[in-house]
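Topology and contacts: notes
Okay, here's what each chain looks like letter by letter:
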Amino acid sequence: MLIRGRISGRIRTFFRGFDPTHEHIAEWFRRLGYIDCQHLAARIRGEVLMVTGLMDTVCPPSSQFAAYNKIPSKKNMLIYPDHGHEILPRKTDHVFEIPPSYLISC
């Protein structure tokens, strides 16, 4: 994703390997526009706790809500109105409240 004039995360690694001079950057981002988590959300079968910061510019809340609304299993959303894409206070507390029966053992 293009953030404040720079490419971040895995996309940066992709460009380093496949388009290091960014000659085709517009085409790559046009193609990436078709990728959306909401199209895979219907496959989720486990219980979901989705944590959303309403000021998130990396994973926009609109796309999170779209995916959340298509999850067929039991779900709950924890909303942080004043937070973005960051470590959220007390998120871990909510995760540890999930009953052990829902956790997958390896």
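Refer to the preceding data block for the structure.
Residues numbered from 1 in each chain as written. Predicted model: local features only at pLDDT ≥ 70, side-chain atom pairs only at ≥ 80, totals over all residues. Heavy atoms only, no water.

1. A closer look at the nonpolar core
Rule in force here: Within this scheme, the nonpolar core is defined by two criteria: the residues are buried Ala, Val, Leu, Ile, Met, Phe, Trp, Tyr or Cys, and they are joined through side-chain atoms within 4.5 Å. Three labels apply to residues, based on accessible area from a 1.4 Å probe with only protein chains included: buried if under 20% of the type maximum, exposed if over 50%, partly exposed otherwise in between. Helix and strand labels come from DSSP, where a helix needs a run of H or I of at least four residues and a strand needs a run of E of at least two; each type is numbered from the N terminus. We call two residues in contact when some of their heavy atoms are within 4.5 Å.
Formed by Ala-41, Val-48, Met-50, Ala-67, Tyr-68, Ile-71 and Met-77, the largest nonpolar core amounts to 7 residues. Among the secondary structure elements, those contributing two or more residues to this core are β3 (48-53) and α3 (61-69). Once residues lying within four places of it in the same chain are set aside, the contact partners of Met-77 are Met-50, Thr-52, Gln-64, Phe-65 and Tyr-68.

2. A few points about the side chain of Asp-19
What counts here: The convention is simple: Lys and Arg are positive, Asp and Glu are negative, and His and the chain ends are not counted. A pair is scored as a salt bridge if a Lys or Arg side-chain nitrogen falls within 4 Å of a carboxyl oxygen belonging to Asp or Glu. The term polar contact refers here to a pair of N or O atoms within 3.5 Å; inside protein, the definition further demands a hydrogen-donor-capable atom paired with an acceptor-capable atom, and it admits residues adjacent in sequence only when both atoms are side-chain atoms.
Position of Asp-19 among the secondary structure elements: in the loop between α1 (9-18) and α2 (25-32). Buried charged residue Asp-19 carries no salt bridge. Nearest counter-charge: Arg-31, at 10.0 Å. In terms of polar contacts, Asp-19 uses its side chain to reach the side chain of Trp-28, at 3.5 Å. Ignoring any residue separated from it by four or fewer positions in sequence, one finds Asp-19 in contact with Phe-14, His-24, Ile-25 and Trp-28.

3. Things to note about the environment of Ile-71
For Ile-71, the location among the structural elements is in the loop between α3 and β4 (75-80). Once residues lying within four places of it in the same chain are set aside, the contact partners of Ile-71 are Ala-41, Ile-44, Val-48 and Met-50.

4. Notes on the state of the cysteines
Which entries qualify depends on this criterion: In plain terms, two cysteine sulfur atoms within 2.5 Å form what is called a disulfide here.
Inspection of the entire model under this criterion finds 0 disulfides. The closest cysteine sulfur to the non-disulfide-bonded Cys-37 is located on Cys-59, 7.7 Å from its own sulfur. With a relative accessible area of 60%, Cys-37 lands in the exposed category.

5. A few points about a nonpolar patch on the surface
This is how it is decided: Like-charged residues are merged into a patch within 9 Å and nonpolar side chains (Val, Leu, Ile, Met, Phe, Trp, Tyr) within 5 Å, provided each residue has over 30% relative accessible area and no salt bridge. Only the protein chains shown count as cover for residues, and all accessible areas are computed by the Shrake-Rupley method using a 1.4 Å probe.
Taken together, the side chains of Leu-54, Met-55 and Ile-79 define a hydrophobic patch exposed on the protein surface, amounting to about 260 Å² of accessible area. Tracing the backbone through its elements, the reader meets Met-55 in the loop between β3 and α3.

6. Considering the environment of Leu-40
Among the secondary structure elements, Leu-40 is positioned in the loop between α2 and β3. When the C-alpha positions of Leu-40 and Lys-70 are compared, they lie 8.6 Å apart, and in sequence the two are 30 residues distant.

7. Comments concerning α3
To keep it simple, the criterion reads: This arc is taken over the directions from the axis of the helix to the C-beta atoms.
Of all the residues in α3, the buried ones are Pro-61, Gln-64, Ala-67 and Tyr-68. All buried residues of α3 lie within an arc of 125° about the axis, which places them on one face of the element. Facing away from the buried side of α3 by over 90 degrees, the exposed positions are Ser-62 and Asn-69. Buried residues in α3 make contact with β3 and β4.

8. Observations concerning the pattern of salt bridges
For the structure on display, the rule yields 2 salt bridges. A salt bridge links Arg-30 to Glu-27; the shortest N-O distance between them is 2.8 Å. Note that Arg-30 and Glu-27 are positioned in helix α2 at a spacing of 3 residues, about one turn of the helix. Take Glu-27: its relative accessible area is 30%, and that puts it in the partly exposed class. For Glu-27, the salt bridge goes to Arg-31, with nearest N and O atoms at 2.9 Å. Of this pair, Glu-27 and Arg-31 are both found in helix α2, 4 residues apart, which corresponds to roughly one turn of the helix. Here Arg-31 falls in the partly exposed class, since its relative accessible area comes to 46%.

Limitation: the analysis is restricted to geometry and does not speak to function.
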